[in-house]
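# Residue-level structural notes
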Amino acid sequence: MKEMNEQKYSRNMALSLLVGIVLGVAIVLVLLWALGYIPNRGQGDAGETGSNSVLSVEVAQGDSGEAEPENMEPQPTATAEPAATKAPEPAAAEEPAPEETPAPTESPKPQKEPQSEDDSSKPADTAVVSLDFQLSGSWGGEGGYYYQYVATIENLSDQKITDWEISVPGFDDCKVDSYWCCEVDEEDGCLLITPADFNEEIWEGSRAEGIGIIILTEKEWEIETATLEAETDQGKLTAALGDAPAVQSETADNQKTDDQKPDNPKVQSQGVKGPDIKVGDSLGGYALGEDTPVGEHGRLRVENGSLVDQEGEPYQMHGVSTHGLAWFPEYVSEESFRTFRNDWDADVMRLAMYSDENGGYCSGGDKKKLKELVDKGVEYASKLGMYVIIDWHVLGEGNPNVHKEDAIAFFDEMSEKYADYGNVIYEICNEPNGGVSWKDVKKYAEEVIPVIRANDPYGIILVGTPQWSQLIGDAAADPIQDYDNIMYTLHFYAATHKDDLRSSLEKALKDDLPVFVSECSICDASGNGGIDEKSAQAWVDLLDQYDVSYVAWAVSNKNETAALISNSCSKLSDWSDRELSDTGRWFKEQFTK
């Protein structure tokens, strides 16, 4: 009996212990549920134990699975239902009750603070804008010191800038000597720089550049501070000189953090668009005709690495170059130019004025007569509604810096005279050669270009490249900054220059370098030898593919392969095909096809 009682006692004790354990587990589970560690079944699977529930976010792209931007406040789905009430946690006392959420694949993130009723559910647009001033030249003169600055405004946002103003303080003892691509005013000791009519708008991912001023002071001075205010449809943007691009918007309360800013896109120049040229306008004193190249295409500019007309359409020019003006002046005539326009469909004439060779501008040539020939060439081209290139024909000297001062004076005079024409193109160095580097050419260009820009803010400027305008890749690797409407020249002679140079050109074009073939022929580089039509056709096919303009060398009846007129023909215009050379006939066929 005693043994039976002991066994019964043991069973009761075990049963009591088991009941105690079950009750303990139940109490713990109830406590965990009350504290929110066990989710209400109405919420579905909330993820890992202890994680906070989050608002469900609809994917705007449908089923693509892409998440909304991180700065987007999460919005509840249409099917979300209120969550069950739970005991508040001390750390989450200020948080609203969670909404129903689908089962996430990862641990859900804590929810963000909700927007107030006045906040828009759509994030405000943000923008990045920056201002830069570069000193591009300074010199002493009558009245004091001259400082030439060029400003650039970059818009790396998703908003178009609709208006802007630059304010430069500390301008009390200064005055503006000249300016271009902008308007200027002075107010309370500040210089105010505002847009010209063509660069008031700056599109997304673009920049306005070439905004130039020359400042005259009695003592040494420099721009140390400046501010930019830019208007957009979404609000005002501001930037200070020298600051890293900043984000500011009067309408944006939720600005992007540094890791949310858009990657800097490749900034493309918009091109400086001057006043439109219209049919009937005066072009060099002559009424511009409708059925003429300038009448159809107007003022040209460079846009995103290409030459475009005033409507922004890609424009490939075809034309011819004179030989040296000192040696074949007779072809600078209205009749010659008219023949090339009417019979060859040429739209540009190049006036080749040698700078160094015997009879050249800087080597004993008659400067007055040479400039008169240039003037006549511009006059005839303008009367016929054609474009015209004034070519400073660097060759014998190799390095354009040899006659730099003469070039500066010459282009200062030419650009002042023809600034209002709109059909004049300035080629500032024909073929640098003899081991000269792109660094040397670029230095020369950066001294000549500002002189032209001070007179003509819009004209196309052509810059030669080393090795007889063949090392186009050097310019692509280190292009000239701060100026719009700049193009770089490549020259080819088809029997000498073949696949390697064509590949260099195509690579530069793919890098968005603006290229202009201002001289070419289909023989060898000496201007003689046999014609290589296969290579020549490969060149023209490539130029046509990328809308690259090209100019044929040269208008003369000289006894050489490159001459466009037969050596036996003395006529100056109205040539029949039999009176042209083989080279002349080939180019005429290309222009008129």
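Look a little higher up for the structure.
What this report covers is the structure whose coordinates are included nearby. (Residues numbered from 1 in each chain as written. Predicted model: local features only at pLDDT ≥ 70, side-chain atom pairs only at ≥ 80, totals over all residues. Heavy atoms only, no water.)

## Observations concerning the overall build of the protein chain
Per the secondary structure count, the protein chain includes eleven helices and 23 strands. Within the span of the protein chain, comprising 593 residues, buried residues form 48% of the whole. At a minimum sequence separation of 6, the contacts of the protein chain that also span at least 24 residues come to 73%. Here the protein chain has roughly 29,000 Å² of accessible surface; of this, 47% comes from carbon and sulfur atoms. (Helix = DSSP H or I, 4+ residues; strand = E, 2+ residues; numbered from the N terminus. Buried < 20%, exposed > 50% of the residue type's maximum accessible area, 1.4 Å probe, protein only. Contact = heavy atoms within 4.5 Å. Areas by Shrake-Rupley, 256 points an atom, 1.4 Å probe, with all protein chains shown as cover.)

## Remarks on the pattern of salt bridges
This model, assessed by the stated rule, comprises 24 salt bridges. A salt bridge links E201 to K160, with the shortest nitrogen-to-oxygen separation between them at 3.4 Å. With a gap of 41 residues between them, E201 in the loop between β6 (190-195) and β7 (206-217) and K160 in the loop between β2 (144-155) and β3 (161-168) connect regions that are remote in the sequence. When the shortest N-O distance is used, the salt bridge between K417 and D375 registers 3.2 Å. Residue K417 is located in helix α5 (residues 404-418), and its partner D375 is located in helix α4 (residues 367-383); the two are separated by 42 residues in the primary sequence. For K417, a relative accessible area of 34% puts it in the partly exposed group. (Salt bridge = Lys/Arg side-chain N within 4 Å of Asp/Glu carboxyl O.)

## Thoughts on the sheet that holds strand β21 (residues 486-493)
Strands sit in the order β16-β17-β18-β19-β20-β21-β22-β23 around a closed barrel of eight strands; the barrel is parallel. Going from strand to strand, the sheet's axes swing by 30° on average, the running direction of each strand aside. Note that β21 and strand β22 (residues 515-521) share five bridges and pair parallel. Each residue of the ladder has a partner; that of F492, found in β22, is C520. This element, α5, spans β17 (348-354), β18 (387-393) and β19 (424-427) of the sheet and lies at about 165° to β18. Sheet contacts for helix α11 (residues 582-592): β16 (318-322), β22 and β23 (550-555); angle to β23, the most-contacted strand, approximately 150°. (Pairing = 2+ DSSP bridges. Axes fitted to C-alpha atoms, helices over the stretch in contact; angles between N-to-C directions.)

## Concerning the nonpolar core
Among the nonpolar cores identified, the biggest contains 83 residues, and W392, I428, V463 and F587 are the most heavily contacted of them. Sort the elements by how many residues they give to this core and helix α6 (residues 438-455) lands first, with eight residues. Residues in contact with V463, not counting those within four places in the same chain, are I428, C429, W438, V441, A445, I449, I480, I486, M487, Y488 and T489. Judged by nonpolar contacts, the second largest core, of 30 residues, contains W164, I166, I193 and A239. (Core = buried A, V, L, I, M, F, W, Y, C linked by side-chain atoms within 4.5 Å.)

## Digging into the sheet that holds strand β9 (residues 235-240)
Whenever strands of a sheet pair, they do so through backbone hydrogen bonds, lying parallel or antiparallel. Read across the open sheet, the five strands follow the order β5-β6-β3-β8-β9; overall the sheet is antiparallel. Of all strands in the sheet, those with a lone pairing partner are β5 (182-187) and β9, marking the two edges. For this sheet, the mean angle separating the axes of adjacent strands, direction not counted, is 20°. Bridging between β5 and β6 involves six bridges; their strand directions are antiparallel.

## Some words on the packing of aromatic side chains
The tally for this structure, following the rule as stated, stands at 20 aromatic pairs. Between F340 and W575, the aromatic rings sit 5.1 Å apart at their centres with planes inclined by 45°, giving tilted as the arrangement. Linking F340 in helix α3 (residues 334-344) with W575 in the loop between β23 and α11, this pair joins segments that are 235 residues apart in sequence. The same class applies to F340 and to W575, which are both buried. An aromatic cluster of three or more residues is present, and its members are F340, W344, Y550, W575, W586, F587 and F591. Seen from the ring of W203, K160 lies directly overhead, with NZ or CZ sitting 4.5 Å from the centre. (Phe/Tyr/Trp six-rings, centres within 6.5 Å; stacked < 30°, edge-to-face > 60°. Lys NZ or Arg CZ within 6 Å of the ring centre and 35° of its normal.)

The values are spatial; any link to function lies outside them.
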